Amino acid sequence: MAFWRSLTFSAILLPLFIHGALCFYLPGVAPQDFQKGDPLQVKVNKLTSTKTQLPYTYYSLPYCAPEKILDSAENLGEVLRGDRIENSRYVFKMREPQMCNIVCKLKLDAKTAKEFKEKIDDEYRVNMILDNLPLVVPIKRVEPDSTVYQLGFHVGLKGQYTGSKEEKHFIHNHLSFTVKYHRDTLTESARIVGFEVKPFSVKHEYEGKWDEQATRLTTCDPHAKHTVVNSNTPQEVEENKEIIFTYDVEFQESDVKWASRWDAYLLMSDDQIHWFSIVNSLMIVLFLSGMVAMIMLRTLYRDISKYNELETQEEAQEETGWKLVHGDVFRPPNNPDLLCVYVGTGVQFFGMILVTMMFAVLGFLSPSNRGGLMTVMLLLWVFMGIFAGYASARLYKMFKGAEWKKIALKTAIMFPGIVSAIFFVLNALIWGQKSSGAVPFGTMFALIFLWFGISVPLVFVGAYVGFRKPATESPVKTNKIPRQIPEQAWYMNPVFSILIGGILPFGAVFIELFFILTSIWLNQFYYIFGFLFLVFVILIVTCAEITIVLCYFQLCSEDYLWWWRSYLTSGSSALYLFLYATFYFFTKLEITKLVSGLLYFGYMLIASYAFFVVTGSIGFYACFWFTRLIYSSVKID
């Protein structure tokens, strides 16, 4: 499935630490040594398309299938991504080249011809795996002189015969594989460090009656040293046409060591642009953050000194500015229960992202551990429920709430419930398309069990512990009668200040967001988690500072309704994220189908909602700390 697509995002983040994909390898992805002649089993994965975002199983097309199709064991993340890894009829022998091997012969009927044509129209790519390495197509660049790698090969292509204007569909039925290996000179064993292919469309011919074991092709004959080197006589996809699937295998010794074999996959994008963009964004954000911090520290220090000095000299006839609302600033807000729920959920998300980033920076979430990122995020979300319950219950008790079980239940159910409702609708759409991205019932049951069997009880445990602790005391007493808020200037209008507040946090992440969206929706690897962690730190700082600044201006205007506004100020950056996702959809993607468009916007809505919860909670806690600090620093009679 396009992942839950996968979070999302997760993220957001020490460029100097992770570059070139230095990583640890977990059990299950340890190196495997092969002797000459050892069998190499090629596995097939899903068919993918950036135009539809709907994955399908390899055998959803009538490709040559083994006698018995075996599914590989997959983790939770792989299933949610739509991976379906199965065995195939492509079997090699280590360091023994093969030429013009016949896989099978297929005669197309109207249905199968239509299926192939549809996949070719939608630019579907075939994904295969050898020794946990995905199959790539090398593409030579002239300027600069380099090679880029595309994951998988196209099912086929469209074109015209010379002198004809009618467009035809042609299938890639001959695969010329290259297996790169690194040999141990002492033991003569070897490890696979590369898996490449050049696909060709060839109209194979043979003489006499077809016999898969004995027939020799005239278009590709190893005995005559006649191999496929081009697609000058392509294989057309039409009803009643015969298609013969063949392959070559070449083995090349490589200097690349096993630990570095993923480097070529992880450095597919233009590194210079990435570095320049990140450094440029970092400098701008750090400069703005420094200015904001300097202004805040100088202004606030002067205010506190003046207030305390006037109090000492008994010169103050009447309080002014933010000190004037000290009797109302800690008055509970409207809908305090909802605020507690959102703050608790934000803490849960923040904990999940932070720990995920730590794992990623240490290399435990290497792409070689397929589905690992999604699995870790889901499990961390579940176990972070204890912190969600604790945070929401602590805030709830500060607001003089008494029904902690109710607030715990809302915290455990509300956000996952909304996301699950959207997810269920999207999953139903995927089921309707018969895509492998649809989550099976067994996996759906596992997700429900994780939610209600583990996450919900942990939220209640956290809420119980949090509610038993003494309530957080306000540094000043709250008046019984709320004071009237004076008319505010236009620029202090809640809607305006909230929308302005979201610009800076979004500005801190939008460049990195481009690379994240590209990796998710254009099927590319993302592994620059050092950058991501740095951007995440910048996001935290900017959310905190912009919220504190606007909260200070609000209190100076004698408007004490800061609780919800502090949450919404930085949380409004999620609106800009969704708008940017919309811009990205229309400028970078080629999605034309309605279902695919709904999937994109559905998943980006979930991602934006999660971003709102995280950034809102960061802003809230920054403002909460700030107000407690300033009102405990001045003398109040």
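Thresholds, definitions, all that
Residues numbered from 1 in each chain as written. Predicted model: local features only at pLDDT ≥ 70, side-chain atom pairs only at ≥ 80, totals over all residues. Heavy atoms only, no water. Disulfide = S-S within 2.5 Å. Helix = DSSP H or I, 4+ residues; strand = E, 2+ residues; numbered from the N terminus. Buried < 20%, exposed > 50% of the residue type's maximum accessible area, 1.4 Å probe, protein only. Salt bridge = Lys/Arg side-chain N within 4 Å of Asp/Glu carboxyl O. pLDDT = per-residue confidence, 0-100. Contact = heavy atoms within 4.5 Å. Patch = residues over 30% accessible without salt bridge, like charges linked within 9 Å, V, L, I, M, F, W, Y side chains within 5 Å. Areas by Shrake-Rupley, 256 points an atom, 1.4 Å probe, with all protein chains shown as cover. Phe/Tyr/Trp six-rings, centres within 6.5 Å; stacked < 30°, edge-to-face > 60°. Lys NZ or Arg CZ within 6 Å of the ring centre and 35° of its normal. Core = buried A, V, L, I, M, F, W, Y, C linked by side-chain atoms within 4.5 Å.

## Thoughts on the state of the cysteines
Among covalent bonds in proteins, the disulfide is the one between the sulfur atoms of two cysteines. Scanning all chains against the criterion turns up two disulfides. Disulfide pairing places Cys-64 opposite Cys-104 at an S-S distance of 1.8 Å. A torsion of -70° about the S-S bond marks the disulfide between Cys-64 and Cys-104 as left-handed. With Cys-64 in the loop between β1 (39-48) and α1 (76-81) and Cys-104 in strand β3 (residues 98-107), the pair connects residues that are 40 residues apart, well separated along the chain. Like Cys-64, the residue Cys-104 is buried in the burial classification. In this model, Cys-100 is linked to Cys-220 through a disulfide, with the two sulfur atoms separated by 1.8 Å. Between Cys-100 and Cys-220, the S-S dihedral sits near -90°, and the bridge is therefore left-handed. Taken together, the residues span a long stretch of sequence, with Cys-100 in strand β3 and Cys-220 in the loop between β12 (190-200) and β13 (242-253) at a distance of 120 residues. With respect to burial, Cys-100 and Cys-220 carry one shared label: buried. Going through the protein in sequence order and numbering each bonded cysteine, the pairs you get are 1-3, 2-4. This cysteine, Cys-556, is not joined by any disulfide, and Cys-551 carries the nearest cysteine sulfur, 9.5 Å off.

## Some words on the pattern of salt bridges
A side chain with one charge can pair with a side chain of the opposite charge if their charged atoms come near. Following the criterion strictly, the structure yields 16 salt bridges and no others. A salt bridge links Lys-117 to Glu-238; the shortest N-O distance between them is 3.2 Å. Linking Lys-117 in helix α2 (residues 110-121) with Glu-238 in the loop between β12 and β13, this pair joins segments that are 121 residues apart in sequence. Since its relative accessible area comes to 23%, Glu-238 is described here as partly exposed.

## Thoughts on the confidence of the model for the protein
In this model, the protein carries a mean pLDDT of 83, and residues with pLDDT of at least 70 account for 87%. Note on residues 1-28: pLDDT under 50 across the span, and 99 contacts to partners over four residues away in sequence or across chains. Across residues 315-319, where pLDDT falls below 50, the model places four contacts with residues more than four positions away in sequence or in other chains.

## Side note on a nonpolar patch on the surface
A cluster of nonpolar side chains, namely Trp-490, Tyr-491, Phe-496, Ile-500 and Ile-503, defines an oily patch on the protein surface of about 550 Å² accessible area. Among the structural elements, Trp-490 can be located in the loop between α9 (441-468) and α10 (494-501). Accessibility expressed as a relative area gives 64% for Trp-490, which makes it exposed.

## Concerning the environment of Ser-633
With respect to the secondary-structure elements, Ser-633 resides in the segment after α15 (594-631). The class of Ser-633 is partly exposed, set by a relative accessible area of 31%. C-alpha of Ser-633 to C-alpha of Ser-305: the two residues are 328 residues apart in sequence and 9.5 Å apart in space.

## Quick look at the packing of aromatic side chains
Given two aromatic rings, their pairing is described by the distance between the two centres and the angle made by the two planes. All told, the structure shown has 54 aromatic pairs when counted by the stated rule. Centroid distance Trp-431 to Phe-441: 6.0 Å. Interplanar angle 25°. Geometry classified as stacked. One end of the pair, Trp-431, is in helix α8 (residues 404-432); the other, Phe-441, is in helix α9, with ten residues separating them in the sequence. For Trp-431, a relative accessible area of 43% translates into the label partly exposed. Judged by relative accessible area, which is 68%, Phe-441 ranks as exposed. Geometrically, the ring pair formed by Tyr-552 and Phe-553 is tilted, given 6.0 Å between the ring centres and 50° between the ring planes. Owing to a relative accessible area of 5%, Tyr-552 belongs among the buried residues under this scheme. Exposure remark for Phe-553: the relative accessible area of 39% places this residue in the partly exposed category. Three or more aromatic residues joined by ring pairs form one cluster here, namely Tyr-342, Phe-349, Trp-381, Phe-415, Trp-564, Tyr-567, Tyr-609 and Phe-612. Positioned over the ring face of Tyr-124 is Lys-119, at 5.5 Å from the centre of the ring. One residue, Lys-397, lies across the ring of Phe-467, its end atom 5.2 Å from the ring centre.

## Here's the deal with the nonpolar core
Core analysis: the biggest nonpolar cluster contains 162 residues, and Tyr-90, Phe-92, Met-128, Phe-177 and Trp-563 have the highest contact counts within it. Ranked by residue count, the leading element in this core is α15, at 21 residues. Excluding anything up to four places from it in sequence, Trp-563 contacts Val-329, Phe-330, Arg-331, Pro-332, Pro-333, Leu-339, Leu-395, Met-398, Phe-399, Phe-620 and Phe-624. Counting residues in hydrophobic clusters, the runner-up holds seven residues, among them Phe-200, Val-202, Leu-217 and Ile-244.

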